[in-house]
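An overview of the molecular structure
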Amino acid sequence: MASELYNTIDALSREKGIDPQIVVSAVEDAIVMATRKYYKTQENLRAELDKETGKINAYAVKTVVETPEQVEDPLLQVTLEDARRADPKLEVGGELRIPKVTEGILGRIAAQLAKQVIFQKVREAERDTVYNEYIGRVGEVVNATVKRVEGPDVIFDIGKAESRMPRKEQSRLESFAIGERVRVVIARVEKASKGPAVVVSRAVPDLVQHLFQTEVPEIYDGTVVIRAIAREAGERTKIAVMSKDKDVDAVGACVGMKGMRVQSIIRELHGEKIDIIEYHEDAVTFAEKALQPAKVSKVTVVDSGGKHLEVVVDDSQLSLAIGKKGQNVRLAAKLLGWKIDIKSEEEKRQEVEQQMSAMVTQTTTPLESVPGLGDGLVEKLSAAGVTTVEALADMTPEQLEAIEGIGPKTVEKISLAVNNYFASLEGAAVEGESAEGEAGAAEASEPGAEDSGSEDITAEVPVATEESASADEAAASAEVASSEEGTVEADTLAADGNEGQAEPSEAQPAAEESASETTE
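Residues numbered from 1 in each chain as written. Predicted model: local features only at pLDDT ≥ 70, side-chain atom pairs only at ≥ 80, totals over all residues. Heavy atoms only, no water.

The subject of this paragraph is the sheet that holds strand S11 (residues 236–243). Overall, mixed pairing links the three strands, which are arranged S10-S11-S12 in an open sheet. If you trace the sheet from one side to the other, it starts and ends with strand S10 (224–232) and strand S12 (273–278), each paired once. When the angles between neighbouring strand axes are averaged without regard to direction, this sheet yields 20 degrees. Relative to S12, S11 runs parallel, the two sharing six bridges. For Lys238, the partnering residue across the bridge sits in S12 and is Asp275. Against the sheet, helix H5 (residues 205–215) engages S10, S11 and S12, with an angle of about 140 degrees to S10. Sheet strands in contact with helix H9 (residues 283–290) are S11 and S12, and its direction is about 155 degrees off that of S12. (Pairing = 2+ DSSP bridges. Helix = DSSP H or I, 4+ residues; strand = E, 2+ residues; numbered from the N terminus. Axes fitted to C-alpha atoms, helices over the stretch in contact; angles between N-to-C directions. Contact = heavy atoms within 4.5 Å.)

Spelled out as structure tokens, the structure:
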């Protein structure tokens, strides 16, 4: 029959949920430490509990060696000859156990030390037992009873252990009374120095998912699937659901008749708002749904690889889409897993205008692009801060002459070079336009030759009008005109100035007669 001491140990083990042998080992270790403290020895001590009598015996254990030369430490080793005097059955390598008297000699201090050792061993065993029990249950929803409140933390009784709910794991809408039963989620299990710390939460999305599985049969049996949940505890939750059966409305199943199902969950969460959204594979459509109750005008994928969306809403819907302190768009971004930029239509219009103005901004041309400017002149202009053709063209002759090393003749050279440069650009543009006009005329002349003739004659009339310039002006700009238009009429005007003045009055009737003849 077991002794009273062993029965007490067995009852303690059952209460703490640990193995009784762990408590027995703790008691034996405590007796060893008390005995060592009393005898003040460094011998190898060992203690054993007799389950029948409840007596704890202490021994000094020595290893048996063959010869005295092999004895390195007399406290730990003994020769075979000396060992057989106490026990004739001992062999080399065996252990000689020398009893130590403990009854009646271990005082109050030794007993107190033994008590501390026992409590320490039991706490360590209890900590390991609780840790092993709950480490595999992280994320599980359990029923807990409020045990006490310690500052901002709430302590719960979850069965075999106590759990702690920090302030950040609580909803701001909730308060707890002693003895109240609530559902909590096991968030994590920590091995703290004071014992195993099971941390529970009511702020994680897993709690909302569990409540929907409990209240909505379609979710429990798998007909409706919860694809994503984004939650800010005590404020708002967005949940995306999808139906595997085309005849079952996912959102309607979660809401229930007259909202009974979702209202039950809201009561459990003490009034937290819940948005139930139908899930879509298309990110654009899903974003429009996720930003409800705001109405979205346009959704654009900025970067599909980086998961970046741009949403444009009406000016009146901007604050609703963003939400209080950005809550609505923040939850929508968590639900989608995309980054969302929200802009009003006015902001988008201003952005487009800025982009268009940036596109039409005049480009700058370096001075090296002008053929008539030498390297030395380019260096002088660059030293004065003039590095582009556009900046050079805007300068007056007085400003140019103010630059060191540039005189009136150099100013004329610069002016001629710049004029020629811009004239060449205009000439290239005119040639391009004329080439397009010739192509268009060729296409238009295919239906009939008469239309082609009338078009040619009409095109010559403005040329004859331009030739009405004075002979002096035509002679002065002959070189420039040749580079701009590439025509032979400029040379003719330089040679026969007086004839050029008489031609306009005659050219017009001639052109009209020719046009009328061709038309007839």
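Having seen it, we continue.
With that out of the way, let us pick up the pattern of salt bridges. Evaluated as defined, the whole model comprises 28 salt bridges. In this structure, the salt-bridge partner of Glu268 is Arg202, at a minimum N-O distance of 3.7 Å. With Glu268 in helix H8 (residues 260–268) and Arg202 in the loop between strand S9 (195–201) and H5, the pair connects residues that are 66 residues apart, well separated along the chain. Among the salt bridges present, the one from Glu310 reaches Lys348, with a minimum N-O distance of 2.8 Å. Of this pair, Glu310 sits in strand S14 (residues 308–313) while Lys348 sits in helix H12 (residues 345–359), and the two are 38 residues apart along the sequence. Residue Glu310 is classed as buried on the basis of its relative accessible area of 10%. By sharing partners, the salt bridges in this structure join Asp153, Arg164, Glu169, Arg188 and Glu190 into a single network. (Salt bridge = Lys/Arg side-chain N within 4 Å of Asp/Glu carboxyl O. Buried < 20%, exposed > 50% of the residue type's maximum accessible area, 1.4 Å probe, protein only.)

A separate point is the nonpolar core. The biggest cluster of nonpolar side chains holds 25 residues, and the ones touching the most others in it are Phe286, Val311, Leu335, Leu336, Ile340 and Ile342. Of all the elements in the fold, those that place two or more residues in this core are S10, H9, S14, helix H10 (318–322), helix H11 (327–336) and strand S15 (339–344). Looking at which element gives the most residues to this core, the answer is H11, with five residues. If sequence neighbours within four positions are ignored, Leu335 has contacts with Ala228, Ile229, Ala230, Lys238, Ile239, Ala240, Ile277, Phe286 and Ala290. (Core = buried A, V, L, I, M, F, W, Y, C linked by side-chain atoms within 4.5 Å.)

Turning our eyes to something else, we now look at the sheet that holds strand S13 (residues 296–303). Judged by pairing direction, the sheet is mixed, and its three strands sit side by side in the order S13-S14-S15 without closing on themselves. Only two strands of the sheet have a single partner each, and these edge strands are S13 and S15. This sheet shows a mean twist of 20 degrees between the axes of neighbouring strands, independent of strand direction. Here S13 runs beside S14; their pairing, made up of six bridges, is antiparallel. Paired with Asp303 across the two strands is His308, which belongs to S14. Taken strand by strand, H9 contacts S13 and S14, and its axis lies near 135 degrees from that of S13.

Purely spatial values, then, with no claim about function.
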